[in-house]
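Below are the chains, spelled out letter by letter.
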Amino acid sequence: MSITRRELLKAGVGAAALAAMPRPVLACFGRGPEPVPPIRDPRIRELAFRAVEAAKGAGASYVEVRLTHRRIRSLSEPFVTNFNDHEELTVGVRALVDGYWGFAGSPVWSPEEMERLGREAVQHAKVNALGPVRVVELAPRPVVADGHWQTPVQIDPFEVSPFEIVDYQKGLQYFVARHPRFRLTFHETRLEVREEAFACSDGSYLTQRLYSSEGRATLSYDPEPGQGVAWLLDGLSRASVGWELFKGQPLRDRIGQLMEEMREHWKLPVKPVEVGRYAVVCDAESVARLIDATLGSATELDRALGYEANADGTSYLNDPLAMVGSFEVAGPMLTLTANRSEPGGAATVRWDAEGVEPDEFTIVKEGILTDFQTTRESAGWLAECYRRRGQPVRSHGCAVAESGNHAPLQRRPNLVVSPGTESLDFDDLVAGLEAGIAVKGLHIEIDFQGLNGLGVGQRVYEIKGGKPVARIVGAGFLFRAPELWKRIAALGGPESVRRYGLATRKGQPAQVAYHSVTAPPAVFEQFTVIDVLRKA
């Protein structure tokens, strides 16, 4: 949509607003530069298959092409001067030759560039093929000749005026400012739409329009000069939704509740850590982060088989064929499933980076390891296991590429911890604890196997008679993953589950990918607590 200077002046928008307006990324389609067309434009299909044919003609046995147009709108503080619109245009070609992959990427969309990338990807594969002979068997998937999908959103964030976004966040800040000694700071708001086109040599052609939104805001409370607390506002982690992540939630109610928690928190006396083993109640966020750091990373099949040993790490679940179906990774209370289809999940798509429609699958069932996260290639590494169980060999759709300029890697799907059957929330679990510790906002440091870790809580409380009686400072929570998950004593009920969008980095150079972890609060027995502030 074009806007004249007269219309801008009439609307009262000054020159500073011009910097916040999106600029079209230019692409060449044989007739000179022009704005990027919609992802479903037939010309994009022609470009994609031009790269496919070039790679096939150069000797590839299989080819896939991804074109991506990504637009990011970010706001570091609620002022127009810090409002930024960024666009990115990329394309990547991956080719398979004699069992070896080659990849080539570029920021240019043009017929000539597609042909060059196709040939270059094949050349890279032939260079890699000088190594030992490899056989790559890609798990089968249906051919979709012309598929399209779009993330369902209530409010398209790119149809919302930047001034409305600023006004909304300013309104929340003014709301908080009415309460003495409280203030709200928005560190970052990030809204993204990514259009993708995928084509491959088996004839599939798919397009997707994927939305995501996230924010980071801190509520601060200063009851005394120079002293206070600052906590992140919950509910704004990354999700596959639109502007409704902000406007569609009762954030004022949530802020009011957090204010009350801060007041109660400050009233409690402070005590140092007493090293030992305790029953510990973890909130939903802490359980989600524990799952992600341990079973979330350890069940990535490429890690488990050592293919990420020099980059992202390995796994304590290091014998997948022997472990699947029999290895006890947790107590019978834990069931962990995975998907890329839940509404709002940060990893939710219709098709993954290999054109696979992901399925929902169980990773841990009642404590027993039942599966790993897979792609089309890695699914074949578990073929023997699947045959024993009478299951077909298929990818779970866990291939992700940060952009067209990146080769796809196996990344985490959305993870879901099944809640308990009783209607219990965090407060109920605390009330049921005669003596122990409660923790909220546990942040995890983990070793390269996802085995040994240390958690440090944002809020840690001593519990006596089912009530918080003191704030504990310097508490660290040591754990080994197998023992940790075998010591679950209770899980919160269905109403207590919360979803958190998390980011991971993987590969060389590192790619960033997002997924959600949904979990209830939980009680763990015999959790080792140390003093992280103690000096030798």
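Counting from 1, residues in each chain are numbered in the order their sequence is written. Thresholds applied to this predicted model are a pLDDT of at least 70 for local features of residues and 80 or more for the giving and counting of side-chain atom pairs; totals over whole chains, interfaces and linings are not thresholded and use all residues. Side-chain calculation: all heavy atoms of the structure are included, whereas hydrogens and water are not.

### Let's talk about the overall build of the protein
In terms of regular secondary structure, the protein is built from 14 helices and 25 strands. Considered along the principal axes of its C-alpha atoms, the protein spans approximately 75 × 70 × 45 Å. Categorising residues by exposure relies on relative accessible area from a 1.4 Å probe, with only protein chains included: less than 20% of the type maximum marks a residue as buried, more than 50% marks it as exposed, and the intermediate range marks it as partly exposed. Within the protein, the proportion of its 536 residues that are buried is 55%. In the protein, the share of contacts with a sequence separation of at least 24, taken over all contacts with a separation of at least 6, comes to 73%. Carbon and sulfur atoms provide 51% of the accessible area of the protein, an area that totals close to 23900 Å². Residues scored as charged are limited to Lys and Arg (positive) and Asp and Glu (negative), so that His and the chain ends carry no count. Working definition for charges: the position is that of NZ of Lys, CZ of Arg, CG of Asp or CD of Glu. Each charge class in the protein can be summarised by its mean position, and for the 62 positive and 68 negative side chains these summaries are 3 Å apart. Secondary structure is summarised from DSSP: a helix means a run of H or I of at least four residues, a strand means a run of E of at least two, and numbering begins at the N terminus for each. Note on contacts: a residue pair qualifies if any of its non-hydrogen atoms lie within 4.5 Å across the two residues. The accessible surface values rely on the Shrake-Rupley method and a 1.4 Å probe; as for residues, cover is taken only from the protein chains in view.

### Remarks on a nonpolar patch on the surface
Patch definition: residues above 30% relative accessible area lacking any salt bridge, with like charges linked at up to 9 Å and the nonpolar side chains Val, Leu, Ile, Met, Phe, Trp and Tyr linked at up to 5 Å. A side-chain nitrogen of Lys or Arg and a carboxyl oxygen of Asp or Glu constitute a salt bridge if their distance falls within 4 Å. A cluster of nonpolar side chains, contributed by Val270, Val456, Val473, Val532 and Leu533, occupies part of the molecular surface with about 390 Å² of accessible area. Residue placement: valine 270 occurs in strand S10 (residues 270-272). According to the relative accessible area criterion, valine 270 is partly exposed, its value standing at 49%.

### Points about a negative patch on the surface
Taken together, the side chains of Asp425, Asp427, Asp428 and Glu495 make up a negatively charged region of the molecular surface. Locating glutamate 495 in the fold gives a position in the loop between strand S22 (488-491) and strand S23 (498-506).

### Considering the side chain of glutamine 410
Tracing the backbone through its elements, the reader meets glutamine 410 in strand S16 (residues 409-410). The class of glutamine 410 is buried, set by a relative accessible area of 5%. Side-chain atoms alone can form a polar contact between residues adjacent in sequence; in general such a contact is a pair of N or O atoms within 3.5 Å, and within protein one must be able to donate a hydrogen while the other accepts it. In terms of polar contacts, glutamine 410 uses its side chain to reach the side chain of glutamine 373, at 3.1 Å. Aside from chain neighbours lying at most four places away, what touches glutamine 410 is Glu300, Leu301, Asp302, Gln373, Thr374, Thr375, Cys398 and Lys506.

### A closer look at the pairing of strand S13 (residues 361-365)
Pairing between strands requires that DSSP locate at least two bridges from one strand to the other. When strand S12 (residues 336-339) meets S13, the two strands line up antiparallel, connected through three bridges. Of the residues in S13, the one forming a bridge with threonine 337 is threonine 362. Both S13 and strand S14 (residues 368-369) contribute to a ladder of two bridges, which runs antiparallel. Across the sheet, the residue bridging to valine 364 is leucine 369, located in S14. Taking the residues that link successive antiparallel strands as the turn, the S13-S14 hairpin has two residues, and the phi of glutamate 366 there is positive, at about 50°.

### Quick notes on the sheet that holds strand S17 (residues 414-417)
What the six strands build is an open sheet, ordered S14-S13-S12-S17-S24-S23; its pairing is mixed. Edge positions in the sheet fall to S14 and S23, since each has one partner strand and no second. Sheet analysis places S12 next to S17, joined by four bridges and oriented antiparallel. From the neighbouring strand, leucine 336 faces S17, where its bridge partner is valine 417.

### Brief notes about the environment of arginine 181
Topologically, arginine 181 is positioned in the loop between helix H5 (162-177) and strand S7 (182-200). Placed 65 residues apart in sequence, arginine 181 and arginine 116 show a C-alpha to C-alpha distance of 61 Å. With near-sequence residues (within four places) excluded, arginine 181 lies in contact with Ser220, Tyr221, Asp222 and Pro223.

### Comments concerning unusual backbone geometry
The linkage connecting glutamine 508 with the following residue, proline 509, adopts the cis geometry, with an omega of -5°. Here proline 509 is to be found in the loop between S23 and strand S24 (511-519). In this model, arginine 181 sits at a positive phi of 75°, which is unusual for a non-glycine residue.

### Quick notes on the side chain of asparagine 414
Here asparagine 414 lies in strand S17. Judged by relative accessible area, asparagine 414 falls into the buried class, the value being 0%. Engagement of the side chain of asparagine 414 in a polar contact is seen with the side chain of threonine 348, the distance being 3.1 Å. When near neighbours in sequence (up to four residues on either side) are disregarded, asparagine 414 contacts Thr337, Ala338, Asn339, Arg340, Ser341, Glu342, Gly345, Ala346, Ala347, Thr348, His515 and Ser516.

### Concerning the pairing of strand S9 (residues 227-232)
Here five bridges tie strand S8 (residues 205-224) to S9, and the two strands are oriented antiparallel to one another. Bridge pairing in S9 links glutamate 224 to glutamine 227. Taken together, S8 and the strand that follows it, S9, pair antiparallel across an intervening segment of two residues, in which glycine 226 is found at a positive phi of about 80°.

### Comments concerning the packing of H5 against helix H7 (residues 251-267)
Fitting a line to C-alpha atoms yields each axis, with helices limited to the stretch in contact; the angle taken between N-to-C directions then spans 0 to 180 degrees. Viewed as axis vectors pointing N to C, H5 and H7 meet at an angle of 35°, and their least axial separation amounts to 11 Å. Note that H5 runs across H7; the crossing there is right-handed. Contacts from Tyr168, Gly171, Leu172, Phe175 and Val176 of H5 reach H7 at Leu251, Arg252, Ile255 and Met259. Here a crossing is called left-handed whenever its near helix is offset anticlockwise from the far helix by less than a right angle, and right-handed whenever the offset is clockwise.

### A closer look at the pattern of salt bridges
Inspection of every chain in the model, using the stated rule, returns 39 salt bridges. Among the ionic pairs, aspartate 202 bridges to arginine 141, the shortest N-O distance being 3.0 Å. Remark: arginine 141 occurs in the loop between helix H4 (111-128) and strand S6 (147-150) and aspartate 202 occurs in the loop between S7 and S8; sequence separation between them is 61 residues. Taking the relative accessible area as the measure of exposure, aspartate 202 reaches 32% and is therefore partly exposed. The shortest N-O distance in the salt bridge between glutamate 192 and arginine 190 comes to 3.5 Å. What emerges from the salt-bridge pattern is a single network uniting Arg70, Glu88, Arg190, Glu192, Glu214 and Arg238.

### Looking at H4
Here the expected span of a helix is defined as 1.5 Å times the quantity of residues minus one. Taking 1.5 Å of rise per residue, 18 residues should cover 26 Å, and H4 covers 26 Å from first to last C-alpha, within 8% of that figure. Among all positions in H4, only Pro111, Glu113, Met114, Leu117, Gly118, Ala121, Val122 and Ala125 are buried.

### A word on the confidence of the model for the protein
Averaged over all residues, the pLDDT of the protein equals 91, while 93% of them reach at least 70. Confidence per residue, as judged by the predictor, is encoded in pLDDT with a range of 0 to 100. Low pLDDT (under 50) marks residues 1-30, which in the prediction has 47 contacts with non-local residues, meaning those over four places away or in another chain.

### Overview of the packing of aromatic side chains
Stacked, edge-to-face and tilted are the three classes for Phe, Tyr and Trp ring pairs, Trp counted by its six-membered ring, which pair at centre distances within 6.5 Å; planes under 30 degrees apart are stacked, over 60 edge-to-face, the rest tilted. Overall, the coordinates contain nine aromatic pairs when judged by the stated rule. Pairing phenylalanine 49 with tyrosine 205 gives two aromatic rings, centres 5.9 Å apart and planes at 40°, and the pair type is tilted. Taken together, the residues phenylalanine 49 in helix H3 (residues 42-57) and tyrosine 205 in strand S8 connect sequence positions 156 residues apart. Here phenylalanine 49 and tyrosine 205 have matching classes, each one buried.

### Section: the nonpolar core
Proteins that are soluble and globular tend to have nonpolar side chains buried together. Grouped together as the largest cluster of nonpolar side chains are 56 residues, with contacts concentrated most on Leu290, Ile291, Leu295, Leu317, Phe477, Trp485 and Phe524. Ranked by residues supplied to this core, first place goes to helix H8 (residues 284-298) with eight residues. In contact with phenylalanine 524, not counting residues within four places along its chain, are Tyr278, Ala279, Val280, Cys282, Val287, Leu290, Leu484, Trp485, Arg487 and Ile488. Throughout, nonpolar core names a set of buried Ala, Val, Leu, Ile, Met, Phe, Trp, Tyr and Cys residues whose side chains join them through atoms within 4.5 Å. Membership of the second largest hydrophobic core comes to 42 residues, among which are Trp231, Leu233, Trp243 and Phe246.

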